[in-house]
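Survey of secondary and tertiary structure
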Amino acid sequence: MNGMIVVDKPINWTSMDVVARVRRSARDGMRASGHPIKRVKCGHAGTLDPLATGVLVCGIGRATKRMAEVMGQTKRYVAGICLAGFTPTDDAEGQAELTRVPTDTPPTSEQLDAALLTLTGDILQAPPAYSAIHINGRRAYERVRAGQDVRLEPRPVRVDRIDVLDYAFPDLTLDISCGKGTYIRSLARDLGRALGTGGYLTSLRRTAVGGFTLDQAFPIERFESPLDEDDLIPIDTPDADMPA
């Protein structure tokens with residue numbers, strides 16, 4: 001069984017939780033078709049945080065070799081942001097330690113647009129301290145939880161476009177298109193700094209990875225039963241016919 005499949009990752013699941021469920025479903029499908037097998041290769045193209053939902057592209061069998069290619073494609077998100085303060089995690093997971101920023105006058109739509117413009121294009125972005133980035137063999141979030149002061153150096157990322165879907169201070173909803181390695185949590189934090197209001201991510205839904213969209217995504221419940229190879233996007237599909 002070789003191919004790709006799009007999953008609508010549910011909230012509070014890790015990306016590897018989804019991979020494990022897809023792997024089990026694929027193994028059950030192979031057994032059901034008369035191919036007993038102990039191990040199935042399965043991977044994903046781009047981690048989503050547990051609090052995020054949406055498009056997670058999974059590769060099965062030889063398709064795992066295409067995951068890096070898929071991961072490099074443009075991603076699209078709908079992000080909910082609160083401009084009332086900052087959290088240590090730059091999202092709602094750290095809300096218990098919210099540092100509120102008093103704001104006498106909410107930013108106008110024009111000020112918001114100007115601030116978003118500074119976060120668009122080829123920019124330098126510091127990843128969140130609570131991230132899975134390795135520092136001398138240990139993940140950054142593990143060091144923070146151990147009481148260490150973690151400061152990650154800014155790195156180049158690409159933000160193609162940011163559109164405002166809704167704004168009623170302090171709540172903001174954005175439609176974001178960006179390249180590989182962009183942290184939407186960092187965008188929320190940096191937007192809050194630019195506006196002088198504070199900013200953290202309250203919700204995140206990935207709506208597309210390249211041409212893979214929510215319209216193609218299976219709910220996680222689909223993988224409670226054996227996977228059929230007909231559900232997969234074939235690995236030998238020519239690049240010109242692949243979602244891109």
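Residues numbered from 1 in each chain as written. Predicted model: local features only at pLDDT ≥ 70, side-chain atom pairs only at ≥ 80, totals over all residues. Heavy atoms only, no water.

Thoughts on unusual backbone geometry
This is how the line gets drawn: To qualify as a helix, a DSSP run of H or I must reach at least 4 residues; to qualify as a strand, a run of E must reach at least 2; elements of each kind are numbered from the N terminus.
In this chain, Phe169 is followed by Pro170 through a cis amide linkage whose omega measures 10 degrees. Assignment of secondary structure puts Pro170 in the loop between strand 10 (155-168) and strand 11 (171-178). For Asp90, which is not glycine, the phi dihedral falls at a positive 65 degrees. Looking at the secondary structure, you find Asp90 in the loop between strand 5 (85-86) and strand 6 (99-100).

Here's the deal with empty space enclosed by the protein
Quick note on the threshold: Buriedness for pockets is judged along seven lines, at least five of which must meet protein on both sides within 12 Å for an open set on the 1 Å grid over protein atoms alone, while cavities are sets there where a 1.4 Å probe fits but cannot get out, and lining residues have an atom within 4 Å of a point. Grid points are joined across faces, edges and corners, and a volume is the space filled by probe spheres set on the points.
On inspection of all chains with the given rule, the structure shows 1 cavity of 30 Å³ or more. Estimated volume of the largest cavity: approximately 80 Å³. If you go around the largest cavity, the residues you meet are Asp49, Leu51, Ala52, Asp91, Ala92, Leu201, Thr202, Ser203 and Leu204. Here the element with the most residues in the lining of the largest cavity is strand 12 (residues 200-209); it accounts for 4 residues.

Observations regarding the state of the cysteines
Our working rule: Counting rule for disulfides: a pair of cysteine sulfur atoms within 2.5 Å. Using a 1.4 Å probe on the protein chains alone, a residue whose accessible area is under 20% of its type maximum counts as buried, one over 50% counts as exposed, and one in between counts as partly exposed.
Inspection of the entire model under this criterion finds 0 disulfides. With no disulfide of its own, Cys42 lies closest to Cys58 among cysteine sulfurs, the gap being 5.1 Å. Given a relative accessible area of 12%, Cys42 falls into the buried group.

Some words on the pattern of salt bridges
Threshold: By convention in these notes, a salt bridge is any Lys or Arg side-chain nitrogen within 4 Å of a carboxyl oxygen on Asp or Glu.
The full count for this structure, using the stated rule, is 10 salt bridges. Residues Arg66 and Glu69 are paired through a salt bridge, measuring 2.9 Å at the closest nitrogen-oxygen approach. A single salt-bridge network, built from bridges that share partners, covers Asp90, Arg189, Asp190 and Arg193.

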